[in-house]
Amino acid sequence: MKRLLIIVAMVAIAAIECQAQERIDELLNRELNGGTTVYRMAVKRDAESGEIIKRVRELRSTGNRALSKEFLEAFDAERESADGWEENRNSNARQITAVWTNPKRIYTIIATGSTLAVYAQTIYREERDDK
Amino acid sequence: MKRISLSIALIMASLFSLSAQDADYKSMTLTFAELKEVHATIPTHITITASGSDTIDVSYPADAEEYIDIFVDKKDSALIIKREKSTVKSRRDFPVSEKRPIRVSIPSSSIRRILNTSDMVLHLENSTFDNWAMIANTGTLGITGEAIVAKTKIEYYNTGTMTNNLKRHDTSMLMLSNTGFLLTKGETSAAHIEQNSTGIENTDLRVSCKKLEIHSTGSGKIRYRGSADSVNIASTGSAHISTSELNAE
């Protein structure tokens with residue numbers, strides 16, 4: 001019974017960790033809709049298989065306080081599930097870097113009033129050394 | 001029985017009026033090897049065919065003969081379709097319209113540029129253009145057919161209303177530039193796609209590209225699906241831009 005409870009707890013924690021990035025990912029994947037926004041995304045692929053091994057996304061927005069607030073709330077909501085968390089805050093700005101190890105993701109947000117920058121790096125697998 | 005007879009009579013009447021329209025057209029043939037461009041400033045239906053010949057088949061409403069001027073400009077290798085200036089009628093009385101357009105059939109392999117400032121329907125039976133193809137529209141243009149193929153680049157420039165229903169755009173680089181209303185659907189093999197929009201977009205493209213760039217100050221809906229190694233979007237307008245289906249895991 002004890003073993004079963006431990007397994008259920010581990011599955012629940014893993015699910016919560018996945019959902020953590022999902023909320024932020026959901027905001028990053030949401031269609032751009034108004035305001036002044038720059039979005040960049042790049043993938044690195046395995047040369048042989050074409051499989052994506054790394055994805056980097058960047059979202060910058062100005063004049064959209066509601067979006068800044070949504071992203072900050074998504075980061076705050078997932079603080080407990082992060083494996084690493086660094087935050088700098090002053091009266092006008094917040095900068096957060098959150099790290100998850102499984103799967104490996106590094107997300108950074110810099111929010112100053114209505115100016116927002118979000119960087120998200122997802123590493124699906126380590127690059128193979130072909131040498 | 002009465003209803004069936006009436007339906008048959010109506011069908012016969014509409015078939016008769018269609019054939020009457022064709023009966024009222026005159027034809028001519030122009031010959032020019034390596035035609036590069038088509039410029040149309042009056043309502044025209046263009047069919048790009050698979051023929052390897054040098055002949056350009058033209059038909060026009062018989063009563064429009066004195067009011068139109070259709071010729072090949074040899075210097076620019078361009079087919080010109082326009083009003084005859086010296087006999088200009090009022091717009092209302094001009095015998096060429098979208099219901100009675102000029103009809104042109106052109107072999108495609110050397111065509112590079114199609115320019116329209118009026119009402120045009122462009123049908124691609126044969127899709128292969130020159131190494132690059134440019135379609136520019138300031139009027140109303142509808143494009144139909146299976147595909148357009150140009151090895152190096154395909155460019156669509158629009159300041160009017162363009163509805164592009166081609167299923168495939170096969171090229172290395174695809175450019176969409178719009179300040180009017182532009183509908184673009186289908187899929188493309190282009191490695192590099194660039195979309196510049198200050199107008200109203202309705203874009204839904206499946207891609208497999210290395211680079212996708214979107215600059216939008218306009219509105220409408222832009223959707224890209226499939227795979228893209230690099231995406232760069234700058235938006236200051238109100239367009240709904242969706243790229244979440246790219247590289248979907």
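A.B. asks: Explain the overall build of chain A here, please?
C.D. replies: The number of helices and strands found in chain A is two helices and seven strands. In sequence order, the secondary structure elements of chain A are arranged as α-β-β-β-α-β-β-β-β. A total of 131 residues make up chain A; the buried ones form 35% of that total. Put simply, 47% of the contacts in chain A that link residues at least 6 apart link residues at least 24 apart. Accessible surface for chain A amounts to roughly 8100 Å². Of this, 51% is attributable to carbon and sulfur atoms.

A.B. asks: I tried to follow the confidence of the model for chain B on my own but got confused; where do I start?
C.D. replies: Per-residue pLDDT for chain B has a mean of 89; in total, 90% of the residues score no lower than 70. At the level of chain-chain contacts, confidence expressed as ipTM amounts to 0.81, with global pTM at 0.85.

A.B. asks: For this particular structure, what's the right way to read a nonpolar patch on the surface?
C.D. replies: Residues and elements named next belong to chain A. A surface patch of nonpolar side chains, about 460 Å² in accessible area, is lined by Met1, Leu4, Leu5 and Val8. Tracing the chain through its elements places Val8 in helix H1 (residues 2-29). For Val8, a relative accessible area of 49% translates into the label partly exposed.

A.B. asks: Just checking my understanding: could you explain the interface of chain A and chain B for this structure?
C.D. replies: Interface size is commonly expressed as the accessible surface area that is lost when the partners come together. Taken residue by residue, the interface counts 18 residues in chain A and 22 residues in chain B. Buried area between chain A and chain B, summed over both chains or domains, comes out near 1600 Å², and the portion from carbon and sulfur atoms is 41%. It is Glu31, Leu32 and Met41 of chain A in chain A that bury the most area against chain B; as a group they hold 31% of the surface buried on that side. For the interface between chain A and chain B, the tally reads one salt bridge. Across the pair Asp229 of chain B and Arg45 of chain A runs a salt bridge whose closest N-O atoms are separated by 2.6 Å. In this assembly, chain A and chain B are joined by eight residue pairs in polar contact (both at pLDDT 80 or more).

A.B. asks: Explanation requested: the pairing of strand E13 (residues 153-158) of chain B in the structure shown.
C.D. replies: Two faces, one strand: in a regular strand the side chains alternate between the faces of the sheet. All names here are of chain B. Pairing of strand E10 (residues 132-137) with E13 involves six bridges; the strand directions are parallel. Its bridge partner being in E13, Trp132 is matched across the sheet by Lys153. Two strands pair when backbone bridges link them, and E13 and strand E16 (residues 173-178) are joined in this way by six bridges, in the parallel orientation. Note that in E16 the partner of Lys153 across the bridge is Met173.

A.B. asks: Looking at this structure, how should I read the side chain of Arg55 of chain A?
C.D. replies: Residue and element names in this part refer to chain A. With respect to the helices, strands and loops of the structure, Arg55 is situated in strand E3 (residues 52-62). Take Arg55: its relative accessible area is 7%, and that puts it in the buried class. Within the local environment of Arg55, its side chain forms a polar contact with the side chain of Tyr124, the two groups lying 3.1 Å apart.

A.B. asks: What is the right way to look at the side chain of Arg125 of chain A in this model?
C.D. replies: Residue and element names in this part refer to chain A. Structurally, Arg125 is set in the segment after strand E7 (115-123). At 2.4 Å, the side chain of Arg125 and the side chain of Asp46 are in polar contact. Engagement of the side chain of Arg125 in a polar contact is seen with the side chain of Glu51, the distance being 3.3 Å. Residue contacts for Arg125: discarding those within four places in its chain leaves Asp46, Glu51 and Ile53.

A.B. asks: When you look at the environment of Phe75 of chain A in this model, what are you seeing that I'm missing?
C.D. replies: All names here are of chain A. Residue position: Phe75 is located in helix H2 (residues 65-77). Of the residues examined, Phe75 reaches a relative accessible area of 0% and is grouped as buried. Residues Phe75 and Arg23 lie 52 residues apart in sequence; the distance between their C-alpha atoms is 8.4 Å. The contacts of Phe75, once residues within four sequence positions are left out, are Ile24, Trp85, Ile96, Ala98, Tyr107, Thr108 and Ile109.

Cut-offs applied
Residues numbered from 1 in each chain as written. Chains lettered and ligands numbered in written order. Predicted model: local features only at pLDDT ≥ 70, side-chain atom pairs only at ≥ 80, totals over all residues. Heavy atoms only, no water. Helix = DSSP H or I, 4+ residues; strand = E, 2+ residues; numbered from the N terminus. Buried < 20%, exposed > 50% of the residue type's maximum accessible area, 1.4 Å probe, protein only. Contact = heavy atoms within 4.5 Å. Areas by Shrake-Rupley, 256 points an atom, 1.4 Å probe, with all protein chains shown as cover. pLDDT = per-residue confidence, 0-100. Patch = residues over 30% accessible without salt bridge, like charges linked within 9 Å, V, L, I, M, F, W, Y side chains within 5 Å. Salt bridge = Lys/Arg side-chain N within 4 Å of Asp/Glu carboxyl O. Buried area = accessible area lost by both parts, 1.4 Å probe. Polar contact = N/O pair within 3.5 Å; in protein donor to acceptor, adjacent residues only side chain to side chain. Pairing = 2+ DSSP bridges.

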